[in-house]
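The residues making up each chain are set out below.
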Amino acid sequence: MGSFQVLFSGQLVRDAERSTVQARLAAELGIDERKARQLFLGRTVVIRSQLEESDAQALQHRLYDLGAIC
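Residues numbered from 1 in each chain as written. Predicted model: local features only at pLDDT ≥ 70, side-chain atom pairs only at ≥ 80, totals over all residues. Heavy atoms only, no water.

Peer 1: I keep staring at the overall build of the chain and nothing clicks. Help me out?
Peer 2: In terms of helices and strands, the chain carries three helices and two strands. Ordered by position from N to C terminus, the α and β elements of the chain give β-α-α-β-α. What you see for the chain is a C-alpha radius of gyration of 12 Å, in line with the 11 Å of a compact globule of 70 residues. Across the 70 residues that make up the chain, the buried fraction comes to 29%. Summed over its atoms, the accessible surface of the chain is roughly 4,800 Å², and 44% of this surface lies on carbon and sulfur atoms. (Helix = DSSP H or I, 4+ residues; strand = E, 2+ residues; numbered from the N terminus. Rg over C-alpha atoms; globule rule 2.2 N^0.38 Å. Buried < 20%, exposed > 50% of the residue type's maximum accessible area, 1.4 Å probe, protein only. Areas by Shrake-Rupley, 256 points an atom, 1.4 Å probe, with all protein chains shown as cover.)

Peer 1: Even after reading the chapter, I still don't get helix H1 (residues 18–29), so can you show me in this structure?
Peer 2: With 12 residues, H1 should cover 16 Å at 1.5 Å per step; its first-to-last C-alpha distance of 16 Å lies within 8% of that length. Taken together, the buried positions of H1 are Val21, Gln22, Leu25, Ala26 and Leu29. Considered in projection along H1, the buried side chains sweep an arc of 140 degrees and stay on one side of the axis. Among the exposed residues of H1, those pointing more than 90 degrees away from its buried face are Ser19 and Ala27. Those residues of H1 that are buried lie in contact with strand S1 (4–8), helix H2 (33–38), strand S2 (45–51) and helix H3 (53–65). Just downstream of H1 lies Gly30, where phi reads positive at about 70 degrees. (Expected span 1.5 Å × (residues − 1). Arc of directions from axis to C-beta. Contact = heavy atoms within 4.5 Å.)

Peer 1: Can you walk me through the packing of aromatic side chains in this structure?
Peer 2: The relation between two aromatic rings is expressed through the spacing of the ring centres and the mutual angle of the planes. Taken as a whole and assessed by the stated rule, the structure comprises one aromatic pair. An angle of 80 degrees between the planes, with centres 5.4 Å apart, marks the rings of Phe8 and Phe40 as edge-to-face. With Phe8 in strand S1 and Phe40 in the loop between H2 and S2, this residue pair connects regions lying 32 residues apart in the sequence. (Phe/Tyr/Trp six-rings, centres within 6.5 Å; stacked < 30°, edge-to-face > 60°.)

In structure tokens form, the structure reads like this:
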């Protein structure tokens, strides 16, 4: 099992709109709107854990493409 985590603290890529990124994250992560809103409360949250380095990097890049900086 890997030892990498993907963390998110609410930061968005330049020119990204929070509502759009929030909806994209909800769809990508399979979470409801309430949980997606909680991602933007200013706390750092673990998106996924116990990943291999390559899997963590791939997820980080995928979320970046959706507008989230992890």
